[in-house]
Number of protein chains: 2
Amino acid sequence: MAELSIKEIEETLLEMGEKAKIASYKLMAMNTDTKNDFLLEMAKVIEDSMDEIILENKKDLANGVANGLSEAMLDRLTLDKERIQAIADSVRDVIALEDPVAKNISTNIRPNGLQINKVSVPIGVIGIIYESRPNVTVDAAVLCLKAGNPVILRGGSEAINSNLILAKCLKRAGRNKGMPIGSVQLIPWSDRNAVSFMLKMDKYIDLIIPRGGEGLIRTVIEQSTIPVIKHYKGVCHLYVDSEADLNMAVEIAKNAKCQRPGVCNAIETLIIHKDIAKSAAPIIGETLAEEGVLLKGDSEFCKLFSDAIQTDENDWSEEYLNLTISIKIVDSIEEAIAHINQYGSGHSDAIVTNNAKRAELFLTTVDSSTVYHNASTRFTDGAEFGMGAEIGISTDKLHARGPMGLPELTTYKYVVNGTGQIR
Amino acid sequence: MAELSIKEIEETLLEMGEKAKIASYKLMAMNTDTKNDFLLEMAKVIEDSMDEIILENKKDLANGVANGLSEAMLDRLTLDKERIQAIADSVRDVIALEDPVAKNISTNIRPNGLQINKVSVPIGVIGIIYESRPNVTVDAAVLCLKAGNPVILRGGSEAINSNLILAKCLKRAGRNKGMPIGSVQLIPWSDRNAVSFMLKMDKYIDLIIPRGGEGLIRTVIEQSTIPVIKHYKGVCHLYVDSEADLNMAVEIAKNAKCQRPGVCNAIETLIIHKDIAKSAAPIIGETLAEEGVLLKGDSEFCKLFSDAIQTDENDWSEEYLNLTISIKIVDSIEEAIAHINQYGSGHSDAIVTNNAKRAELFLTTVDSSTVYHNASTRFTDGAEFGMGAEIGISTDKLHARGPMGLPELTTYKYVVNGTGQIR
């Protein structure tokens, strides 16, 4: 790719925005079959382009090795035939999902005869900024398109060649089937100024979804003049109440921490009521230690479980994403709730208790997208919720909260039919 | 009020934010009767404080005269006994509205037995930035409170004394009834830096609602790291199709432009299909001229109606808020729709036609909060929609679009009940 000046990049971005906006007016009127046709062709083109995709992916892998990416990161970056097939299959899964657009949400016939229908409609142009695996390029694009939204994608620089070839496949498929030009676009420059400029294009982009770590999220919310739905970290908690079933608490703690520690709905912090701590702390501590978990505790926990190391203040807001846990002993459920609301990320938090009143208090006043009574936080997930594919998990409160599926990629408008009514 | 340094203002704002956040955890668990008790006491205290309110309002009026405010602005600023009673009455209207919190939106029982309830909950702390009449201080606060949200208010400097006394009444009522401290707060400084700082307090404030003109809105969306729902201008359109009922078109044009030209749902631009222009342009032109409307037209319209003056490019995106209209003749409905999507503000737009297919095209592809077929745009209003009180009309697409009532002041959370489920 030839080097462009910032001015040229900005002009190209504006053109991309304008094209996407024009495409949005066409896509919003397209029926389900037409949109599914685009998607089916995309799955086919991806399947037909495996060799080409693997070739481009190898360039990213070579760059990754040269830049010293970790084994884990290289693995996440790798596309082989099986993974490419999985990407194509996931496109077919989206075809099978119900179209969320043009649903009548409510009808209200007013005394003057006006019929006010509240109808689901596409949001418009969606910008996705992501740092993760190249499959997001396809997954995010087809979900947006199925909901009638053109998409402008901006992936991580380490996957640029893989992202470019995948976006090319989507565009090729679109051309084959007459999809509006500008429905899928990928920003090809890793220049950070391109993102900053994109975030000011409120004339053309209706929603920004950033998926990534703290740095990316702060940049986006500080710079964006476009509404943002954050997909931020999960600092999730499990609170073991004094009236908990201890066996259940042990099983849930083990599952929520260990089953897949690198994901956002795994717990980072365990909170134990002091009245059950003497019995609970050693059992939970040993169970987790057997699973290879590094235990950090406040001074009370460390007294009860000598293998734990002392936490510091930073631990409470840390998303470890590995087999580390911080453990706190509290005097009351109120203290537990206050801790979660202060240090949590509003993602997923659970209580284990047999006391219905305390469960109710926890579920009502823990200010998170998903709150659990006697279940693992690991269920916060589009598939587990029965939504089908998800574009991510919103840690914001507005518009979409928690797992975000196709319906959350729409908004609504009021369609009013009259017979000449005036005020 | 003693002068504070910027540092002191910032510290005070942070304290206000923290107090509001703590109040939010208490308010979110309060039942309808408790919240209505607070509101009823507010209505009573306002009624009991009429003399005090009028005294403070007179200070603003005197300052307004000294600062050369227009008669219209002074009138908007004025509080007399009748208007104060109207404010108290509107509080009672909100008491009568249904509580939007703790509604079960959906229940989903998964194969593993998990019961996933999607439940409406308060949004959290809401910041309202407004430039308008002092009654907004009370109207906005009680709507937020009824939906369980603490509110931080920031009104215009010209109404500062009136806003302060009204906020004082609300706080006094709250104290009488044990409302959480920090549920209602007003920023008492007109310093612009206070707003800039408030807009970065994403740790404490969950939503900013700006109500005002272009300058205010741009400032907010450029500076805010908090989600924003804009209540922006209304550049609304009426499109008279070639197959329109001409009498209906004339009546709707007259109503939408003249019945109350200073509001956001009045039209600014009339678009006429060329095939009906020869008959429609003179009749509509004369009718509007008789009502005292200043007619600006493109060159085609000026040919058909010689009293019109030529529009320039700026007219098409202008919110006149008075008896001025811009008129355009188009070759096709597609040209009309493209014009509306380019120059409109996404508020309210109407088509008059007897052709069902064209109506459908217009309703589907005009990207506005409310679209009308054969009715006046003047109906975009909470009361007209049967919502009861509204906090305003959102020109944004996310979370709330169009008239924004109590339900739009809530979000949702997933409340999951289990029996020990793990993954």
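Fair warning: this is a prediction, and the values are worked out from it, not measured in the lab.

Right, let's talk about the overall build of chain A for a bit. Counting its regular elements, chain A contains 14 helices and 16 strands. Radius of gyration (C-alpha) of chain A: 24 Å, near the 22 Å computed for a compact globule of 423 residues. Overall, chain A is about 70 × 65 × 40 Å in size when its C-alpha atoms are taken along their principal axes. Taken over 423 residues, chain A has a buried fraction of 52%. The long-range share in chain A, meaning contacts at least 24 apart out of those at least 6 apart in sequence, stands at 72%.

Position of Phe379(A) relative to the elements: it lies in the loop between strand 13 (370-375) and strand 14 (392-394). What Phe379(A) contacts, discounting residues up to four positions off in sequence, is Glu384(A), Leu114(B), Val416(B) and Arg423(B).

Our next topic: the sheet that holds strand 6 (residues 207-211) of chain A. Residue and element names in this part refer to chain A. Pairing is parallel across the open sheet formed by four strands, whose spatial order is 5-4-3-6. A single partner strand is all that each edge strand has here, and the edge strands are strand 5 (184-186) and strand 6. For this sheet, the mean inter-axis angle between neighbouring strands, taken without regard to orientation, is 15°. Bridging between strand 4 (residues 151-154) and strand 5 involves three bridges; their strand directions are parallel. Paired with leucine 153 across the two strands is leucine 186, which belongs to strand 5. Sheet contacts for helix 6 (residues 135-146): strand 3 (126-130), strand 4 and strand 5; angle to strand 4, the most-contacted strand, approximately 165°. In the packing of helix 7 (residues 160-177) onto the sheet, the strands contacted are strand 4 and strand 5, and the crossing angle to strand 5 comes to about 160°.

What follows is about the interface of chain A and chain B. Taken together, the 58 residues of chain A in the interface contact 58 residues of chain B. If you list the elements that add at least two residues to the side of chain A that touches chain B, you get helix 9 (214-223), helix 10 (246-258), helix 14 (356-365), strand 13 and strand 16 (410-421) of chain A. A breakdown of the residues in the side of chain A that touches chain B according to their chemical character gives 23 nonpolar, 23 polar and 12 charged.

Glancing now at the confidence of the model for chain A. The share of residues in chain A with pLDDT of 70 or more is 99%, and the mean pLDDT across the chain is 96. The ipTM value of the predicted complex is 0.95, and its pTM value is 0.95.

This brings us to the pairing of strand 16 (residues 410-421) of chain B. Bridging between strand 13 of chain A and strand 16 of chain B involves five bridges; their strand directions are parallel. Within strand 16 of chain B, the residue paired with Ala375(A) across the bridge is Gln421(B). Relative to strand 16 of chain B, strand 2 (residues 115-122) of chain B runs antiparallel, the two being bridged by eight bridges. Bridging across to strand 16 of chain B, Ile116(B) finds its partner in Val416(B).

Here the focus is the packing of helix 5 (residues 81-96) of chain B against helix 6 (residues 135-146) of chain B. Residues and elements named next belong to chain B. For the pair helix 5 and helix 6, the least separation of the axes is 10 Å and the interaxial angle reads 15°. Considered as vectors, helix 5 and helix 6 are oriented roughly parallel to each other. Taken as a pair, helix 5 and helix 6 cross one another with a handedness that is right-handed. Between helix 5 and helix 6, the residues in contact are Ile87, Ser90, Val91 and Val94 and Asn135, Val138, Asp139, Val142, Leu143 and Lys146, respectively.

Here we come to the relation of the copies chain A and chain B. In the superposition of chain A on chain B (RMSD 0.0 Å, axial shift 0.0 Å), the rotation amounts to 180°. With respect to symmetry, the two chain copies, as superposed, fit the operation of a two-fold axis. In terms of C-alpha distance to the rotation axis, chain A has His399(A) as its closest residue, with the C-alpha 1.9 Å off the axis. Both copies present the same face, since 100% of the interface residues in chain A are matched by interface residues at the equivalent positions in chain B.

Before going further, it helps to examine unusual backbone geometry. Residues and elements named next belong to chain A. One non-glycine residue, alanine 102, lies in positive phi territory at about 70°. Its place among the elements puts alanine 102 in the loop between helix 5 (81-96) and strand 1 (104-109). Note on alanine 102: 16 C-beta atoms within 10 Å, which makes it partly exposed. Phi angles above zero are rare outside glycine, and asparagine 374 is one such case at about 60°. Checked against the element boundaries, asparagine 374 lands in strand 13.

With that settled, consider the domain arrangement of chain A. Residue and element names in this part refer to chain A. Entries for chain A in the domain assignment read domain 1 (6-232 + 400-417) and domain 2 (236-383). Just the C-alpha atoms count here: the centres of domain 1 and domain 2 sit 35 Å apart. The interface is formed by five residues belonging to domain 1 together with six residues belonging to domain 2. In terms of residue class, the side of domain 1 that touches domain 2 is made up of two nonpolar, two polar and one charged.

How each quantity is defined
- Note on numbering: residues in each chain are counted from 1, in written sequence order.
- Here chains are named by letter from A upward and ligands by number from 1 upward, in the order in which they appear as written.
- For a predicted model such as this one, the threshold for reporting local features is a pLDDT of at least 70, and the threshold for listing and counting side-chain atom pairs is 80 or more; totals across whole chains, interfaces and linings nevertheless cover every residue.
- Secondary structure elements are defined from DSSP: runs of H or I of at least 4 residues count as helices, runs of E of at least 2 residues count as strands, and each element is numbered from the N terminus.
- The globule rule is 2.2 Å times the number of residues to the power 0.38, and the radius of gyration it is compared with is taken over C-alpha atoms.
- Note on burial: count the other C-beta atoms lying within 10 Å of the residue's C-beta; 20 or more is buried, 12 or fewer is exposed, in between is partly exposed, and C-beta positions come from the backbone.
- We call two residues in contact whenever the C-beta atoms placed from their backbones are within 7 Å.
- At least two DSSP bridges between two strands are required for those strands to pair.
- For helices, the axis comes from a line fit to the C-alpha atoms of the stretch in contact; other axes are also lines fit to C-alpha atoms, and the angle between any two N-to-C directions lies between 0 and 180 degrees.
- Put simply, Ala, Val, Leu, Ile, Met, Phe, Trp, Tyr, Cys and Pro go in the nonpolar bin, Asp, Glu, Lys and Arg in the charged bin, and everything else, Gly too, in the polar bin.
- Per residue, pLDDT measures the predictor's confidence, with a range of 0 to 100.
- Oblique is the label for any angle not covered by the other classes, which are roughly parallel (under 35 degrees), roughly antiparallel (over 145) and roughly perpendicular (65 to 115).
- Should the near helix be turned counterclockwise from the far one by less than a right angle, the crossing is left-handed, whereas a clockwise turn marks it as right-handed.
- Only residues with pLDDT of at least 70 in both copies count here: their C-alpha atoms drive the least-squares fit that superposes the copies.
- Each domain's extent is set by a domain assignment, obtained either automatically or from a database.

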